[in-house]
Amino acid sequence: IGDVDGLGMALRMEICEKDGFTPSRALADKMFQKGLEGGIRAQGKTLGLVLDIGGYYKNTITLAPSLEITEEEMSLAYDLLDILLTESKRELNA
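Bear in mind the structure is a predicted one, so any value in this text is a computation, not a measurement.

As for the sheet that holds strand 2 (residues 10-14)
Then step 1. Reading across from one edge, 1-2-6-5 is the order of the four strands in this open sheet, with antiparallel pairing throughout. Strands with a single pairing partner mark the edges of an open sheet, and in this sheet they are strand 1 (4-7) and strand 5 (52-54). Shown here is a sheet whose adjacent strand axes are inclined to one another by a mean of 25°, direction ignored.
Then step 2. Bridging between strand 2 and strand 6 (residues 60-63) involves four bridges; their strand directions are antiparallel. Bridging from a neighbouring strand, L11 pairs with L63 of strand 6.

So, in structure tokens, the structure goes:
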């Protein structure tokens, strides 16, 4: 993850190469596709995750949760993003 910015709970995370600067559209695309496919195991559940990806290089994930989000839901979202990022990186490097 290169740059993270935003205001309040509305955040943007830039997905980059290992150098933390070069945009990685391939990794963002892989994360997006795996999230849509579902089958992600986290906290005893099998889920999918729809990501909002944009930015100039199409490598920026926007997080804009409801103001009514619970701590449990935030924890689950963190776990899902971590799993998606880790598995997507592994698949791209295989």
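After that view of the structure, there is still more to cover.
Some remarks on the packing of helix 1 (residues 25-37) against helix 2 (residues 71-93)
Then step 1. Contact geometry of helix 1 with helix 2 gives a least axis separation of 9 Å together with a crossing angle of 120°. Here helix 1 is positioned oblique relative to helix 2, judged by the angle of their axes. Between helix 1 and helix 2 the crossing geometry is right-handed. On helix 2, the residues that touch A26, L27, K30, M31, K34 and G35 of helix 1 are L81, L84, L85, E87, S88, K89, E91 and L92.

Quick word on unusual backbone geometry
Then step 1. A positive phi angle is found at Q43, which is not glycine, with a value near 50°.
Then step 2. Within the secondary structure, Q43 is located in the loop between strand 3 (40-42) and strand 4 (45-47).
Then step 3. Backbone geometry places K58, a non-glycine residue, at a positive phi of 55°.
Then step 4. Structurally, the position occupied by K58 is in the loop between strand 5 and strand 6.
Then step 5. With a relative accessible area of 39%, K58 lands in the partly exposed category.

Focus on the environment of L7
Then step 1. Assignment of secondary structure puts L7 in strand 1.
Then step 2. Taking the relative accessible area as the measure of exposure, L7 reaches 73% and is therefore exposed.
Then step 3. Spatially, the C-alpha atoms of L7 and F21 are 21 Å apart, while their sequence positions differ by 14 residues.

Digging into the side chain of K34
Then step 1. Here K34 shows up in helix 1.
Then step 2. Residue contacts for K34: discarding those within four places in its chain leaves I40, L84, E87, S88 and E91.

Remarks on a nonpolar patch on the surface
Then step 1. A contiguous nonpolar surface patch, about 240 Å² in accessible area, is contributed by I1, V4 and L11.
Then step 2. Turning to its location among the elements, V4 is positioned in strand 1.

Thresholds, definitions, all that
Residues numbered from 1 in each chain as written. Predicted model: local features only at pLDDT ≥ 70, side-chain atom pairs only at ≥ 80, totals over all residues. Heavy atoms only, no water. Pairing = 2+ DSSP bridges. Helix = DSSP H or I, 4+ residues; strand = E, 2+ residues; numbered from the N terminus. Axes fitted to C-alpha atoms, helices over the stretch in contact; angles between N-to-C directions. Parallel < 35°, antiparallel > 145°, perpendicular 65-115°, else oblique. Left-handed = near helix turned anticlockwise from the far one by under 90°. Contact = heavy atoms within 4.5 Å. Buried < 20%, exposed > 50% of the residue type's maximum accessible area, 1.4 Å probe, protein only. Patch = residues over 30% accessible without salt bridge, like charges linked within 9 Å, V, L, I, M, F, W, Y side chains within 5 Å. Areas by Shrake-Rupley, 256 points an atom, 1.4 Å probe, with all protein chains shown as cover. Salt bridge = Lys/Arg side-chain N within 4 Å of Asp/Glu carboxyl O.

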